[in-house]
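Results of the structural survey
Take a look at the letters that make up each chain.
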Amino acid sequence: MPETNPQTHVIDFRAAGHLLAARDPRGAVKLLDSVIAAHPENTAARLLRARAFFAAAQLRPAELEFELVLEREPDNAFAHFALGRTFQRAGRPEQATRHFRLAAALDPKPEYLRAARFDERA
């Protein structure tokens, strides 16, 4: 097994971001698995892996990662929004709306506000 060090994990993290941007979410997940195994507390790596799972249509693993990020960073508006998208895609609209509204309350970005649909009755 090749030796790993902190620089290797930084390189893998950055490469995973590039793979995700290049529409290779499964490749990104593979790189991030070793980063997270070595640094399970790394929220940025977990958020990137959650995004990769979502992009790969692996909704349950994405949900679990986004929830873990939110346990550590409950005020992370993007994680709430992304978890809402995950629930929406999984056909769970009530849970999706809850997280969309939390995202919009934390950061009133136009896309968060649109997704939250505050003008509709809850």
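Keep in mind it's a predicted model, so treat the numbers as computed, not measured.

So, the domain arrangement of the chain
- Along its sequence, the chain is carved into domain 1 (1-58) and domain 2 (74-121).
- With centres defined by C-alpha atoms, the gap from domain 1 to domain 2 works out at 25 Å.
- Counting residues at the interface gives 4 residues for domain 1, matched by 6 residues for domain 2.
- Carbon and sulfur atoms make up 69% of the area that domain 1 and domain 2 hide from each other, which totals about 460 Å².
- Our enumeration of links across domain 1 and domain 2 arrives at 0 salt bridges.
- In the side of domain 1 that touches domain 2, the residues fall into 3 nonpolar, no polar and 1 charged.

Some details on helix α4 (residues 59-72)
- End to end, α4 covers 20 Å across 14 residues, agreeing with the expected 20 Å (1.5 Å per residue, within 8%).
- Summarising the contacts, the buried residues of α4 are in contact with α3 (43-55), α5 (77-89) and α6 (93-106).

Conventions adopted
- Each residue is numbered by its place in its chain's sequence as written, counting from 1.
- pLDDT decides what is reported in this predicted model: residues at 70 or higher carry local features, side-chain atom pairs at 80 or more are listed and counted, and totals for whole chains, interfaces and linings draw on all residues regardless.
- Side-chain calculation: all heavy atoms of the structure are included, whereas hydrogens and water are not.
- These domain boundaries are the output of an automatic or database domain assignment.
- Contacts were defined at the residue level, with two residues in contact if any of their heavy atoms lie within 4.5 Å.
- A quick way to say it: buried area is the sum, across both parts, of accessible area lost when two parts are put together, with a 1.4 Å probe.
- One side-chain nitrogen of Lys or Arg within 4 Å of one carboxyl oxygen of Asp or Glu is enough to make a salt bridge.
- The residue classification treats Ala, Val, Leu, Ile, Met, Phe, Trp, Tyr, Cys and Pro as nonpolar and Asp, Glu, Lys and Arg as charged. All others, Gly included, are polar.
- Here a helix means four or more residues in a row that DSSP labels H or I, a strand means two or more in a row labelled E, and each is numbered from the N terminus.
- By this rule the span expected of a helix is its residue count minus one, scaled by 1.5 Å.

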